[in-house]
Amino acid sequence: MHESNPLDPRVVRTRQLIRDSFLELVQEVDFNKITVNLITKRAGINRVTFYLHYKDLPDMVEKMVDERIKFIETIFLDKYDEPYSPGFELETLIELLEHIAQNAKLFKVFLVTKHIPSFTQQLMELLRKLILQNSNQEQAFPAMEDIPRDIAAWYGTSAMVGTIALWLGEDMPYTPQYLAQIMVKLNPFR
């Protein structure tokens, strides 16, 4: 695979075109029947162009997953650099849900259609790790003193990912701000 400058606007546009074509196809065709040929036809590019950017279809999917996970991680880690303050969870959750809403087509494929299990697994692992990190701050979870942290992290992770997947599956009937407010209110460890 030829390495091109990932910041070059032409590279960014071409990769986005390839990914958009893939996301459209996933909604129309069984995931296992999607090929590089189908993607390139949909994108209006040739196969050589695809292979300039990705080794193969699994490589493209892996890169899409990695990029989203890294971006989600930065949403949380940016907040961890600041001292804990009440409202931390709400601000972070709003930012996460807004990002998901802005990229709803991609996240529906990743979380709702369940064709990309690696994304759900990586997202759950990331959120579990972040919940465990945050639970070290006693002021963040005052009601958790007799609850094993790992159980709290499992529960919080499953509730968050499940709620987001169902929200996406229902075509986001609530704004990210409203959903975040309700999710924070439902937190049993407050």
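Quantities reported herein were computed from a predicted structural model and do not represent experimental measurements. (Residues numbered from 1 in each chain as written. Predicted model: local features only at pLDDT ≥ 70, side-chain atom pairs only at ≥ 80, totals over all residues. Heavy atoms only, no water.)

S.K.: I tried to follow the pattern of salt bridges on my own but got confused; where do I start?
M.R.: Between side chains of opposite charge, a pair can form as their charged atoms come close. Per the stated rule, a full pass over the model turns up 8 salt bridges. A salt bridge links Asp8 to Arg10, with the shortest nitrogen-to-oxygen separation between them at 2.7 Å. The buried category is assigned to Asp8, whose relative accessible area is 17%. Of the charged contacts in the structure, one is a salt bridge between Lys129 and Glu73, with a shortest N-O distance of 3.3 Å. Taken together, the positions of Lys129 in helix 7 (residues 117–135) and Glu73 in helix 4 (residues 57–80) put the pair 56 residues apart, joining distant regions of the chain. (Salt bridge = Lys/Arg side-chain N within 4 Å of Asp/Glu carboxyl O. Buried < 20%, exposed > 50% of the residue type's maximum accessible area, 1.4 Å probe, protein only. Helix = DSSP H or I, 4+ residues; strand = E, 2+ residues; numbered from the N terminus.)

S.K.: Before we go on, may I ask you to explain the packing of aromatic side chains in this structure?
M.R.: In this description, an aromatic ring pair is defined by two values, namely the gap between the centres and the angle between the planes. Within the structure shown, the criterion is met by 6 aromatic pairs. Centre to centre, the rings of Phe50 and Tyr54 are 5.5 Å apart; their planes meet at 50°, and the pair counts as tilted. Assigned by exposure class, Phe50 and Tyr54 land together as buried. Ring centres of Phe110 and Phe119 lie 4.7 Å apart, and the angle between their planes is 40°; on these two criteria the pair is classed as tilted. The two residues Phe110 and Phe119 agree in class, both being buried. Every member of this aromatic cluster is reached through a ring pair, and the members are Phe50, Tyr51 and Tyr54. Seen from the ring of Phe71, Arg68 lies directly overhead, with NZ or CZ sitting 5.7 Å from the centre. (Phe/Tyr/Trp six-rings, centres within 6.5 Å; stacked < 30°, edge-to-face > 60°. Lys NZ or Arg CZ within 6 Å of the ring centre and 35° of its normal.)

S.K.: I keep staring at the nonpolar core and nothing clicks. Help me out?
M.R.: Soluble globular proteins tend to pack their nonpolar side chains together in the buried interior. Ranked by internal contacts, the top residues of the largest apolar core, which has 45 residues, are Phe22, Met60, Leu96, Leu111 and Phe119. Contacts of Phe119, omitting those with residues within four sequence positions, involve Val65, Arg68, Ile69, Ile72, Phe107, Phe110 and Leu111. (Core = buried A, V, L, I, M, F, W, Y, C linked by side-chain atoms within 4.5 Å. Contact = heavy atoms within 4.5 Å.)

S.K.: Can you walk me through the packing of helix 1 (residues 9–28) against helix 2 (residues 36–43) in this structure?
M.R.: Helix packing for two helices is described by the angle between their axes and how far apart those axes are. Their axes nearest at 8 Å, the elements helix 1 and helix 2 cross at an angle of 115°. By the angle between their directions, the pair helix 1 and helix 2 is classed as roughly perpendicular. As for how helix 1 packs across helix 2, the hand of that crossing is right-handed. Here helix 1 contributes Leu17, Ile18, Ser21, Phe22, Glu24, Leu25 and Glu28 to the contact with helix 2, which in turn contributes Leu38, Ile39, Arg42 and Ala43. (Axes fitted to C-alpha atoms, helices over the stretch in contact; angles between N-to-C directions. Parallel < 35°, antiparallel > 145°, perpendicular 65-115°, else oblique. Left-handed = near helix turned anticlockwise from the far one by under 90°.)

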